[in-house]
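Listed here are the chains, written in short residue letters.
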Number of protein chains: 2
Amino acid sequence: MASSIVFYDIPSTLPINAWSPNTWKTRYALNFKGLSYRTEWIEYPDIEALCKKIGAPHTRNKPDGRPHYTLPVIHDLSTGAIVVESSKIVAYLDATYPDTPRLLPPGTLGLYQAFEDAALALTPAIGLFVIPSVPRILNPASLEYFHITRGALFGKKLDEVIPTGDAYGPAWQKLKDSFGKIDSWIRANGEESTYIMGDTICYADLFIAAYVLWFKLVLPEKWDEAKTWHEGRWEKLLENTAKYEAVL
Amino acid sequence: MASSIVFYDIPSTLPINAWSPNTWKTRYALNFKGLSYRTEWIEYPDIEALCKKIGAPHTRNKPDGRPHYTLPVIHDLSTGAIVVESSKIVAYLDATYPDTPRLLPPGTLGLYQAFEDAALALTPAIGLFVIPSVPRILNPASLEYFHITRGALFGKKLDEVIPTGDAYGPAWQKLKDSFGKIDSWIRANGEESTYIMGDTICYADLFIAAYVLWFKLVLPEKWDEAKTWHEGRWEKLLENTAKYEAVL
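Residues numbered from 1 in each chain as written. Chains lettered and ligands numbered in written order. Predicted model: local features only at pLDDT ≥ 70, side-chain atom pairs only at ≥ 80, totals over all residues. Heavy atoms only, no water.

**Student:** I would appreciate a short explanation of the interface of chain A and chain B in the present structure.
**Tutor:** Reports often express the size of an interface as the amount of accessible area lost when the parts come together. Listed by partner, the interface residues are 18 residues for chain A and 18 residues for chain B. Roughly 1600 Å² of surface becomes buried between chain A and chain B when both sides are summed, with 69% attributable to carbon and sulfur atoms. Considering only the surface of chain A that becomes buried against chain B, Leu-111, Trp-185 and Met-197 of chain A emerge as the three largest contributors, covering 32% of it. Counting across the chain A and chain B interface gives 2 salt bridges. One salt bridge in this structure joins Asp-117 of chain B and Lys-181 of chain A, with 3.2 Å as the shortest N-O distance. Of all the secondary structure elements, the ones that give two or more residues to the side of chain A that touches chain B are α4 (109-120) and α7 (168-187) of chain A. The dominant element in the side of chain A that touches chain B, judged by the number of residues it contributes, is α4 of chain A, at 9 residues. Looking at side-chain class alone, the side of chain A that touches chain B contains 11 nonpolar, 5 polar and 2 charged residues. (Contact = heavy atoms within 4.5 Å. Buried area = accessible area lost by both parts, 1.4 Å probe. Salt bridge = Lys/Arg side-chain N within 4 Å of Asp/Glu carboxyl O. Helix = DSSP H or I, 4+ residues; strand = E, 2+ residues; numbered from the N terminus. Nonpolar A, V, L, I, M, F, W, Y, C, P; charged D, E, K, R; others polar.)

**Student:** What should I look at first to understand the pairing of strand β1 (residues 5-9) of chain B in this one?
**Tutor:** Residues and elements named next belong to chain B. Counting buried residues along β1, 5 of its 5 residues qualify, which places the element largely inside the surrounding structure. A two-sided burial pattern is seen for β1, the buried positions comprising Ile-5, Phe-7 and Asp-9 on one face and Val-6 and Tyr-8 on the other. Relative to strand β2 (residues 37-41), β1 is paired through 5 bridges, and the arrangement is parallel. For Tyr-8, the partnering residue across the bridge sits in β2 and is Glu-40. Tracing the backbone out of β1, into helix α1 (residues 21-33) and back to the parallel element β2 gives a crossover that is right-handed. (Buried < 20%, exposed > 50% of the residue type's maximum accessible area, 1.4 Å probe, protein only. Pairing = 2+ DSSP bridges. Right-handed = clockwise from strand over helix to strand, strands pointing away.)

**Student:** Teacher, can you tell me more about the side chain of Ser-86 of chain B here?
**Tutor:** Mapped onto the secondary structure, Ser-86 of chain B falls in helix α3 (residues 86-96). Leave out the neighbours within four places in its chain, and Ser-86 of chain B touches Asn-22, Lys-25, Thr-26, Pro-72 and Tyr-203 of chain B.

**Student:** It is not clear to me how α1 of chain B should be interpreted in this structure. Could you clarify?
**Tutor:** Counting along an α-helix, one turn takes 3.6 residues, and residues three or four places apart therefore face a common direction. All names here are of chain B. Across its 13 residues, α1 extends 18 Å between first and last C-alpha, which sits within 8% of the 18 Å expected from 1.5 Å per residue. A large share of α1 lies buried, amounting to 12 of its 13 residues. Those residues of α1 that sit buried are Pro-21, Thr-23, Trp-24, Lys-25, Thr-26, Arg-27, Tyr-28, Ala-29, Leu-30, Asn-31, Phe-32 and Lys-33. Once α1 finishes, Gly-34 follows within two positions and takes phi at roughly 65°, a positive value. (Expected span 1.5 Å × (residues − 1).)

**Student:** What exactly am I supposed to notice about the pattern of salt bridges here?
**Tutor:** Should the charged atoms of two oppositely charged side chains come close, the side chains can pair. Overall, the coordinates contain 28 salt bridges over all chains when judged by the stated rule. Here Glu-40 of chain B and Arg-38 of chain B are joined by a salt bridge, their closest N and O atoms 2.8 Å apart. The partly exposed category is assigned to Glu-40 of chain B, whose relative accessible area is 30%. For Asp-224 of chain B, the salt bridge is made with Lys-227 of chain B, and the minimal N-O distance between the two is 3.4 Å. With relative accessibility at 23%, the residue Lys-227 of chain B sits in the partly exposed group. In this structure, a network of salt bridges that share partners links the residues Asp-183, Arg-187, Glu-191 and Arg-233 of chain A.

**Student:** In this structure, what is going on with α3 of chain B? I would like to understand it.
**Tutor:** Within the span of α3 of chain B, buried status applies to Ser-86, Ser-87, Ile-89, Val-90, Tyr-92, Leu-93 and Asp-94 of chain B. Buried residues belonging to α3 of chain B abut β1, α1, β5 (73-76), β6 (82-84), α4 (109-120) and α8 (203-218) of chain B.

**Student:** Mind showing me how you'd approach empty space enclosed by the protein here?
**Tutor:** To locate leftover empty space, one rolls a probe as large as a water molecule over the atoms. Per the counting criterion, the structure on display carries 2 cavities of 30 Å³ or more. Elements supplying a minimum of two residues to the lining of the largest cavity: α5 (123-130), α7 and α8 (203-218) of chain A. When grouped by side-chain class, the residues that make up the lining of the largest cavity number 8 nonpolar, 2 polar and no charged. In this model, the second largest cavity occupies a volume close to 50 Å³. Around the second largest cavity, the lining residues are Ala-119, Leu-122, Thr-123, Ile-126, Phe-179, Ile-182, Phe-207, Ile-208 and Tyr-211 of chain B. Listing elements by their share of the lining of the second largest cavity, those giving two or more residues are α5 (123-130), α7 (168-187) and α8 of chain B. Taken together, the residues of the lining of the second largest cavity break down into 8 nonpolar, 1 polar and no charged. (1 Å grid on protein atoms, 1.4 Å probe; cavity = no way out; pocket = protein on both sides within 12 Å on 5 of 7 lines; lining within 4 Å. Points joined across faces, edges and corners; volume = space filled by probe spheres on them.)

**Student:** Where do I start with the nonpolar core in this structure?
**Tutor:** Counting residues in hydrophobic clusters, the biggest one holds 174 residues, and the most contacted among them are Leu-93 and Phe-115 of chain A together with Leu-93 and Phe-115 of chain B. Every residue in contact with Phe-115 of chain B, bar those within four places of it in the chain, is listed here: Leu-111 and Ala-114 of chain A together with Trp-185, Ile-196, Ala-204, Phe-207 and Ile-208 of chain B. (Core = buried A, V, L, I, M, F, W, Y, C linked by side-chain atoms within 4.5 Å.)

**Student:** Would you take a moment to explain the packing of α5 of chain B against α8 of chain B for this structure?
**Tutor:** Axes are the key here: two packed helices are described by the angle between their axes and the distance separating the axes. Residues and elements named next belong to chain B. One way to put it is that α5 packs onto α8 with a least axis distance of 10 Å and a crossing angle of 15°. Relative to α8, α5 is oriented roughly parallel. For the element pair α5 and α8, the recorded crossing hand is left-handed. In this structure, α5 contributes Thr-123, Ile-126, Gly-127 and Val-130 to the contact, and α8 contributes Tyr-211, Trp-214, Phe-215 and Val-218. Considering only residue class, the contact of α5 with α8 consists of 6 nonpolar, 2 polar and no charged. (Axes fitted to C-alpha atoms, helices over the stretch in contact; angles between N-to-C directions. Parallel < 35°, antiparallel > 145°, perpendicular 65-115°, else oblique. Left-handed = near helix turned anticlockwise from the far one by under 90°.)

In structure tokens form, the structure reads like this:
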């Protein structure tokens, strides 16, 4: 059947193309629900013009106050809806397609939002290692934009961001501890728990998987160490979410 | 019937006696489930000796590495269990008393734990105003202990902690924004949502109510302003949880 949802994502030089954790959250969600969609690939410098053209609102403001437009964005051709930001897309998809598997059980949107805030507080420890290596998988069209915006984020050139020397050990431990915190949430359900909700996968797990996959795709040489952490929990998570990895 | 659970709490000079947010979480939980319990009141300097006597483990370590014992602690006389820390007490009560109202729905312990981490990250903004005023409601037996331990926490005398002058406005705004963050979690379920899970109260709401009640009890003159925030949400929360406020 014709694709009913257009999903805008950022391309790369990787064979799988998709790489951004923020858009992977939405791709996982679309695949999890088995919805028909097709990807339109947008390089970073073209995101703003695309959003203005299709009427997608900006999600935040730049340091100088100008609107900042971001992906993921979906355009649902069957309803006409344009939805931006991964968590809003999840709420939209669960509400609009009630006959598909639910990403979040009824009543858990508030707890999920708190989970997301807590998880996002952990992601800078991952980004410190992964973000500086993203340029090696970006297409030339996105490189300058990425260097300028992410360099501004860290206040220095990207190739000076990765911790070295005495700073390496503590930063790497902090990254491991961040995964350890998520591990503790999963184990709150019991030591044998596999997912944030115990035995059943939900969008919170896909959210985590998006960051783990990002780590693996961009920094495979470091991933080889990290995948052994927490009794191999993160490698097993990617094995369990591999069925939602189709890039359509 | 005879009380089957002994609940250890910290007394005060307030007519209602109970005041600590951490023990209020457990009191709310016990009352919510309608369990039979009686309170034993323990002044701060006596907590360690009590815990050692009944075999309650310490919950963390002091800066110098020595074990740090904290309340709440419950001693369930019908099972012999000693349980420490509010979130562990919740998991214990839901597992041990399945025929009473559930504090957290099945499968939500992991999401709840992430919620708790996110909420605890907001509480220092409240504590900055409330903690320095706690001495005015403590009994003399607990005063010195509280001044020494909380002074060490802030690195200054407690009466120098409350923001004044130019520091007052931003700190008060940060406190309001912290409640605003919780308000956004509740509204993730929809604009008409009353609780973290929408229409249904759960332990996450009691957790929040414990801090709101603490604020109201210790700092009533500031509460008069805060209770109007977010369309009176926090005052309504206390109205809705008043039925779980019995001090038995």
